[in-house]
Amino acid sequence: MTLADLNTLLTARHSCRAFRADPVPLGDIERILTSAARVPSWCNAQPWQVVVTSGAETDAFRSALWAEAETGQAQPDLPFPTGYSGVYQDRRRACGWALYEAVGVEKGDRAGSARQMMENFNLFGAPHCAILSSPAELGPYGAMDCGGFVTAFTLAAQALGIATIPQAAVAAYGPFLHRYFNIPDDRLILCAISFGYPDTDHPANQFRTERATLDEFVTWRGASAE
Ligand SMILES: Cc1cc2nc3c(=O)[nH]c(=O)nc-3n(C[C@H](O)[C@H](O)[C@H](O)COP(=O)(O)O)c2cc1C
């Protein structure tokens, strides 16, 4: 096992926004979850709990979620970012525009961008959705641990040829999700991960995002990479 192997996985993975309908075998879902749970967590608390939907359960959920998104009020358990400024705003715009360009939504086409945004609530057609929660009492550190779980989930899935997309958009409807999945109020619903086999020909899957270089995010003290 080399860093090159890991980098192959890391660069092959991308957020998938169009899935085929065929289901992932239960054994593979279990393997992904088992791998994801290997990540570190503070005190080894392993704060994640996951609801995984399949088949008709996914379809019933996507219908109910869509209806909620059309009429309900966004109320995430974990408050969404209050703003994106500077480079964060630049990067946010760049990935949004790359998506809209890929699917043929032109700048200023509000109806088109709203239609694409609503695809979140169709779970991008995925046959499975994982809803992730963390105990409220662990606060941001539980969420941090769960972030590692999300990343490992996406990489383990990639290793099996299964595509994923983490979705904060789903977590916008906190009270609805608590009711729908009977998730107790002492847990924070953090995000969903929709997953399945990718529709590789779909326009939404034809772009890739970029990453900042080291000089943009590393401060060297006492040693430098010259
Ligand atoms: C916690 C988290 C939440 C996200 N929520 C959404 C979302 O609601 N909708 C969406 O289309 N993409 C969502 N994404 C995907 C990001 O937009 C994507 O990871 C980023 O643009 C980098 O692209 P890549 O995953 O293809 O490398 C989310 C990613 C993370 C890690």
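Throughout, a residue's number is its position along its own chain's written sequence, starting from 1. Local features in a predicted model are, by the rule used here, given only for residues with pLDDT of at least 70; side-chain atom pairs are given and counted only at 80 or more, and totals for whole chains, interfaces and linings are based on all residues. Side-chain numbers come from the whole structure's heavy atoms, not from hydrogens or water.

Draft legend 1. Up close: helix H2 (residues 26-36). All buried positions along H2 are accounted for by Asp 28, Ile 29, Ile 32 and Ala 36. One side of H2 carries all its buried residues, which in axial view fall inside an arc of 105 degrees. For H2, exposure combined with an orientation more than 90 degrees from the buried face picks out Leu 26 and Thr 34. Residue contacts follow a heavy-atom distance rule, with two residues in contact if any of their heavy atoms lie within 4.5 Å. Numbering goes from the N terminus for both helices and strands, where a helix is a DSSP run of H or I of at least four residues and a strand is a run of E of at least two. On its buried face, H2 sits against strand E1 (49-53), strand E2 (128-135), helix H6 (139-159) and strand E4 (187-196). The buried label applies to any residue whose accessible area, calculated with a 1.4 Å probe on protein chains only, is under 20% of its type's maximum; exposed applies above 50%, and partly exposed to all values in between. Comment: arc refers to directions from the helix axis out to C-beta atoms.

Draft legend 2. Fine view of the packing of aromatic side chains. Each pair of aromatic rings taken from Phe, Tyr and Trp, with Trp reduced to its six-membered ring, is defined by centres within 6.5 Å and is described as stacked if the planes are under 30 degrees apart, edge-to-face if over 60, and tilted in the remaining cases. Scanning the entire structure with this criterion turns up 10 aromatic pairs. Here the aromatic rings of Phe 61 and Phe 176 are separated by 6.4 Å at their centres, their planes lie at 5 degrees, and the arrangement is stacked. Taken together, the residues Phe 61 in helix H3 (residues 55-71) and Phe 176 in helix H8 (residues 174-181) connect sequence positions 115 residues apart. A residue is classified by how much of its surface remains accessible, and Phe 176, at 8% relative accessible area, is buried. Taking the centre distance of 5.6 Å and the plane angle of 75 degrees together, the rings of Phe 121 and Tyr 173 count as edge-to-face. Of this pair, Phe 121 sits in the loop between helix H5 (110-118) and E2 while Tyr 173 sits in the loop between helix H7 (168-171) and H8, and the two are 52 residues apart along the sequence. Among the aromatic residues, those joined into a cluster by ring pairs are Trp 48, Phe 149, Phe 153 and Phe 195. The ring centre of Trp 97 lies 4.2 Å from the NZ or CZ of Lys 107, which sits over that ring. In our convention, an over-ring charge means Lys NZ or Arg CZ found within 6 Å of a ring centre and within 35 degrees of that ring's normal.

Draft legend 3. Structural view of the site of the ligand. A single heavy atom is enough: if one lies within 4 Å of a molecule or strand, its residue is considered near that molecule or strand. Neighbouring the ligand are 14 residues, the closest being Arg 13, Ser 15, Ala 168, Ala 169 and Arg 211. Taking Arg 211, its side chain carries an N or O atom lying 2.8 Å from an oxygen atom of the ligand. Computed by Shrake-Rupley with a 1.4 Å probe, the accessible areas treat only the displayed protein chains as cover when residues are assessed. Within the complex, the protein chains bury 67% of what would otherwise be the 620 Å² of accessible surface of the ligand. Of all elements in the fold, only strand E3 (163-167) and H7 reach the threshold of two or more residues within the shell around the ligand. At 3 residues, E3 tops the list of elements feeding residues into the shell around the ligand. Here the residues of the shell around the ligand sort into 6 nonpolar, 5 polar and 3 charged. Here a polar contact is taken to be a pair of N or O atoms separated by no more than 3.5 Å, where protein atoms must pair a possible hydrogen donor with a possible acceptor and residues adjacent in sequence count only if both atoms sit in side chains. Residue type decides the class: Asp, Glu, Lys and Arg count as charged, Ala, Val, Leu, Ile, Met, Phe, Trp, Tyr, Cys and Pro as nonpolar, and the leftover types, Gly among them, as polar.

Draft legend 4. Structural detail: the state of the cysteines. In what follows, a disulfide is any cysteine sulfur pair within 2.5 Å. Evaluation of the coordinates by the stated rule reveals 0 disulfides. As a non-bridged cysteine, Cys 95 has Cys 16 as the owner of its nearest cysteine sulfur, 15 Å distant. No disulfide involves Cys 146; its nearest neighbouring cysteine sulfur is the one of Cys 191, lying 8.1 Å away.

Draft legend 5. Seen up close, the pattern of salt bridges. Any Lys or Arg side-chain nitrogen located within 4 Å of an Asp or Glu carboxyl oxygen qualifies as a salt bridge. Enumeration according to the criterion identifies 4 salt bridges in this entry. One salt bridge in this structure joins Arg 62 and Asp 59, with 2.7 Å as the shortest N-O distance. Residue Arg 62 and its partner Asp 59 are located together in helix H3, separated by 3 residues, close to a single helical turn. Residue Glu 216 pairs with Arg 91 through a salt bridge whose shortest N-O separation is 3.9 Å. Note that Glu 216 is positioned in helix H9 (residues 214-217) and Arg 91 in helix H4 (residues 86-103), a separation of 125 residues in sequence. For Glu 216, a relative accessible area of 48% translates into the label partly exposed.

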